[in-house]
Amino acid sequence: MNIKKAEFVISNTDVKKCPQDGKPEYAFIGRSNVGKSSLINMLTGKKGLAMTSSTPGKTQLINHFLINDEWYLVDLPGYGYAQRGKDGRQKIQEIIDRYLDEREALTCLFVLLDCRHEPQKIDLEFIRLLGESGIPFALVFTKTDKISQSKLKENISVYKAKLLETWEILPPIFYTSSEHKKGREEVLEYIEKINKSLDEY
Ligand code: GTP
Ligand code: MG
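What you are looking at is a predicted structure, and each value in this text was computed from that prediction instead of being measured.

S.K.: Mind laying out the site of ligand 1, listing which residues take part and the relevant values?
M.R.: The local shell around ligand 1 holds 22 residues, among which S38, G57, T59, D145 and S178 are the closest. With respect to ligand 1, the backbone of G35 contributes an N or O atom lying 2.9 Å from an oxygen atom. The contact in question runs from an oxygen atom of ligand 1 to an N or O atom on the side chain of S37, over 2.9 Å. Coverage of ligand 1 by the protein amounts to 88% of the 650 Å² it exposes when considered alone.

S.K.: With reference to specific residues and values, describe the coordination of the magnesium ion (ligand 2).
M.R.: Looking at the metal site, the magnesium ion (ligand 2) is ligated by S37 (OG) and T59 (OG1), spaced 2.0 to 2.2 Å from it. Of the two residues, S37 is situated in helix α1 (residues 36-44) and T59 in the loop between α1 and β3 (62-67); the sequence distance between them amounts to 22 residues. Residue classification places T59 among the buried positions, given a relative accessible area of 11%.

S.K.: Give me the lowdown on unusual backbone geometry, citing residues and values where you can.
M.R.: Residue K143 is not a glycine yet carries a positive backbone phi of 60°. Position of K143 among the secondary structure elements: in the loop between β6 (137-142) and α4 (149-163). Unlike most non-glycine residues, K181 shows phi in positive territory, near 55°. Relative to the elements of secondary structure, K181 occurs in the loop between β7 (173-175) and α5 (184-199). We classify K181 as exposed; its relative accessible area is 57%.

S.K.: Account for the packing of aromatic side chains, with residues named and values stated.
M.R.: Per the counting criterion, the structure on display carries 10 aromatic pairs. Geometrically, the ring pair formed by F28 and F110 is stacked, given 5.2 Å between the ring centres and 15° between the ring planes. Taken as a pair, F28 in strand β2 (residues 25-30) and F110 in strand β5 (residues 106-114) lie far apart in primary sequence, 82 residues in all. For the pair F28 and F110, one class covers both residues: buried. Taking 6.0 Å as the distance between ring centres and 10° as the angle between the ring planes, the aromatic pair formed by F141 and Y175 counts as stacked.

S.K.: Report on the packing of helix α3 (residues 121-133) against α4, specifying residues and quantitative values.
M.R.: Two elements in contact, α3 and α4, have axes separated by 12 Å at closest approach and are oriented at 45°. In terms of axis orientation, α3 runs oblique to α4. Note that α3 runs across α4; the crossing there is right-handed. The residues of α4 that touch α3, namely those facing D123, L124 and I127, are Y159, K162 and L163. Of the residues in the contact of α3 with α4, the class split is 4 nonpolar, no polar and 2 charged.

S.K.: I'd like to hear about α3, residue by residue, with values.
M.R.: Taking 1.5 Å of rise per residue, 13 residues should cover 18 Å, and α3 covers 18 Å from first to last C-alpha, within 8% of that figure. Those residues of α3 not exposed but buried are D123, F126, I127 and L130. Here the buried residues of α3 occupy an arc of 95° about the axis, which is enough to place them on one side. Exposed residues pointing more than 90 degrees away from the buried face of α3 are listed as K121 and E132. Along its buried surface, α3 packs onto β2, α2 (85-102), β5, β6 and α4.

Analysis parameters
Residues numbered from 1 in each chain as written. Chains lettered and ligands numbered in written order. Predicted model: local features only at pLDDT ≥ 70, side-chain atom pairs only at ≥ 80, totals over all residues. Heavy atoms only, no water. Near = heavy atom within 4 Å. Polar contact = N/O pair within 3.5 Å; in protein donor to acceptor, adjacent residues only side chain to side chain. Areas by Shrake-Rupley, 256 points an atom, 1.4 Å probe, with all protein chains shown as cover. Donors = N, O, S within 2.8 Å, 3.2 Å for Na, K, Ca; no water. Helix = DSSP H or I, 4+ residues; strand = E, 2+ residues; numbered from the N terminus. Buried < 20%, exposed > 50% of the residue type's maximum accessible area, 1.4 Å probe, protein only. Phe/Tyr/Trp six-rings, centres within 6.5 Å; stacked < 30°, edge-to-face > 60°. Axes fitted to C-alpha atoms, helices over the stretch in contact; angles between N-to-C directions. Parallel < 35°, antiparallel > 145°, perpendicular 65-115°, else oblique. Left-handed = near helix turned anticlockwise from the far one by under 90°. Contact = heavy atoms within 4.5 Å. Nonpolar A, V, L, I, M, F, W, Y, C, P; charged D, E, K, R; others polar. Expected span 1.5 Å × (residues − 1). Arc of directions from axis to C-beta.

Here it is, written out as structure tokens:
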């Protein structure tokens, strides 16, 4: 897919104030520092579009970016960031929960996982809850430039085996490096395919 236009629209803590134009949206979620904002910049080819930081906890709001005047990419705050303290974590969790519960325009949620780590409880629990609430999602393994191909292969197969303990089929899985612009076409084609299927109705 060709990204002709990518523009920041609005930041919110309140899901009710998010754009109400009914355009489909694709949101990025995962632990703090996993690379959500970087991935949005890589996909759109606009380096400073979403704010990134090497310090976790950078994104604290629901951020809407309008793509080609047709659909949204949404950058969400990360979950489970310990340094925020209990109150801070709870506040962020409420923003995320309400967004996931109430946002009808949410078409697919991309759950980002750092490919260097073995399956983490917090991510597995989050994925389990998505299944329970029937939210369509895909998995994205990020930062693939940071490990060798063989280690990547090993980590992915461990992850898949873990998921297959509770899931009958695996969700769509993408492998990305925002540093090396890897996985860009795959993610964008997936979004395009869904957008086209929505157009048929
Ligand atoms: P929060 O907003 O804090 O939840 O984090 P985030 O998930 O949006 O992460 P962000 O995109 O800000 O990236 C965190 C750090 O990881 C930054 O220092 C990025 O440069 C780095 N990073 C993100 N993606 C990649 C990648 O694919 N490869 C490498 N090497 N570094 C990456
Ligand atoms: Mg961020």
